[in-house]
Amino acid sequence: MSQKIPIKKFSFRIILFSAIIAGLTVLFQWLFPQYASPALPFIVLFFFIITLLTMFIVLREDKGREAKKFVSSYMLSRVIKLLSCLVFLLVYVLVKKEDAMRFAIAFLAIYFLYSIFEVFLLKKENQEISEKNREA
């Protein structure tokens with residue numbers, strides 16, 4: 001029987017990760033203003049919100065859920081996140097054409113950072129749950 005990955009634990013970690021990324025983007029804007037998109041803080045805020053939303057979809061299930069249901073929820077969260085990202089990116093690029101390249105590069109960089117972070121956390125949590133299940 002599998003166990004639930006705690007949403008509070010994940011939320012705390014995503015808040016901490018987002019604060020670090022936000023700090024780095026502010027530092028980047030200060031050190032290299034000519035290369036930094038003015039929308040960097042909004043990109044971080046967008047990914048913070050969308051990551052919490054999509055991970056809530058994955059982690060909301062009760063204890064004892066099947067592995068198939070977890071995979072389905074995870075894939076649904078990926079689709080929601082990808083479509084949301086494409087819409088956000090497209091709208092900004094169409095509205096602010098003068099900042100399109102800097103924004104797109106920053107957006108993709110932060111997208112990959114959040115994706116790596118999510119996979120790392122889910123893998124770590126899954127390993128901890130598997131170890132607890134073997135001990136039981």
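Reading the values: rules and limits
Residues numbered from 1 in each chain as written. Predicted model: local features only at pLDDT ≥ 70, side-chain atom pairs only at ≥ 80, totals over all residues. Heavy atoms only, no water. Salt bridge = Lys/Arg side-chain N within 4 Å of Asp/Glu carboxyl O. Buried < 20%, exposed > 50% of the residue type's maximum accessible area, 1.4 Å probe, protein only. Axes fitted to C-alpha atoms, helices over the stretch in contact; angles between N-to-C directions. Helix = DSSP H or I, 4+ residues; strand = E, 2+ residues; numbered from the N terminus. Parallel < 35°, antiparallel > 145°, perpendicular 65-115°, else oblique. Left-handed = near helix turned anticlockwise from the far one by under 90°. Contact = heavy atoms within 4.5 Å. Nonpolar A, V, L, I, M, F, W, Y, C, P; charged D, E, K, R; others polar. Patch = residues over 30% accessible without salt bridge, like charges linked within 9 Å, V, L, I, M, F, W, Y side chains within 5 Å. Areas by Shrake-Rupley, 256 points an atom, 1.4 Å probe, with all protein chains shown as cover. Phe/Tyr/Trp six-rings, centres within 6.5 Å; stacked < 30°, edge-to-face > 60°. Polar contact = N/O pair within 3.5 Å; in protein donor to acceptor, adjacent residues only side chain to side chain.

Novice: Before we move on, could you go through the pattern of salt bridges and cite the residues and values that matter?
Specialist: Evaluated as defined, the whole model comprises 3 salt bridges. The salt bridge involving Asp 99 is made with Arg 102; its shortest N-O contact spans 2.9 Å. Judged by its relative accessible area of 3%, Asp 99 is buried. Owing to a relative accessible area of 30%, Arg 102 belongs among the partly exposed residues under this scheme. Taken together, the shared-partner salt bridges in this structure form one network comprising Arg 78, Lys 81 and Glu 118.

Novice: Break down the packing of helix α1 (residues 7–31) against helix α2 (residues 40–59) for me, citing the residues and quoting the values.
Specialist: Two elements in contact, α1 and α2, have axes whose closest approach is 10 Å; the angle formed by their N-to-C orientations is 165°. Between α1 and α2, the crossing angle belongs to the class labelled roughly antiparallel. Here α1 and α2 pass one another in a crossing that is right-handed. Packed against α1, whose contacting residues are Ile 7, Phe 10, Ser 11, Ile 14, Ile 15, Ser 18, Ile 21, Ala 22, Thr 25, Phe 28 and Gln 29, the element α2 presents Leu 40, Pro 41, Val 44, Phe 48, Thr 51, Leu 52, Met 55, Phe 56 and Leu 59 at the interface. A breakdown of the residues in the contact of α1 with α2 according to their chemical character gives 15 nonpolar, 5 polar and no charged.

Novice: Before we move on, can you summarise a nonpolar patch on the surface with the specific residues and values?
Specialist: A contiguous nonpolar surface patch, about 1,100 Å² in accessible area, is contributed by Phe 12, Leu 16, Ile 20, Leu 24, Leu 27, Phe 28, Trp 30, Leu 31, Phe 32 and Tyr 35. Of note, Leu 16 is situated in helix α1. Classification of Leu 16 by relative accessible area gives partly exposed; the value is 46%.

Novice: Now, about the packing of aromatic side chains: what can you tell me, with residues and values included?
Specialist: Enumeration according to the criterion identifies 14 aromatic pairs in this entry. Geometrically, the ring pair formed by Tyr 92 and Phe 103 is stacked, given 3.9 Å between the ring centres and 20° between the ring planes. Here the residue Tyr 92 occupies a position in helix α3 (residues 67–95), and Phe 103 occupies one in helix α4 (residues 100–135), the gap between them amounting to 11 residues. One exposure class covers both Tyr 92 and Phe 103, and it is buried. Among the aromatic residues, those joined into a ring-pair cluster are Phe 17, Phe 46, Phe 47, Phe 88, Tyr 92, Phe 103, Phe 107, Tyr 111, Phe 112, Tyr 114 and Phe 117.

Novice: Kindly report on the environment of Gln 29, identifying the contributing residues and their values.
Specialist: Relative to the helices and strands, Gln 29 is located in helix α1. The spatial distance from the C-alpha of Gln 29 to the C-alpha of Pro 41 is 9.8 Å, given a sequence separation of 12 residues. Sequence-distant contacts of Gln 29, that is, excluding residues within four places in its chain, are made with Ala 36, Ser 37, Pro 38, Leu 40 and Pro 41. Of the polar contacts made by the side chain of Gln 29, one reaches the backbone oxygen of Ser 37; its length is 3.0 Å.

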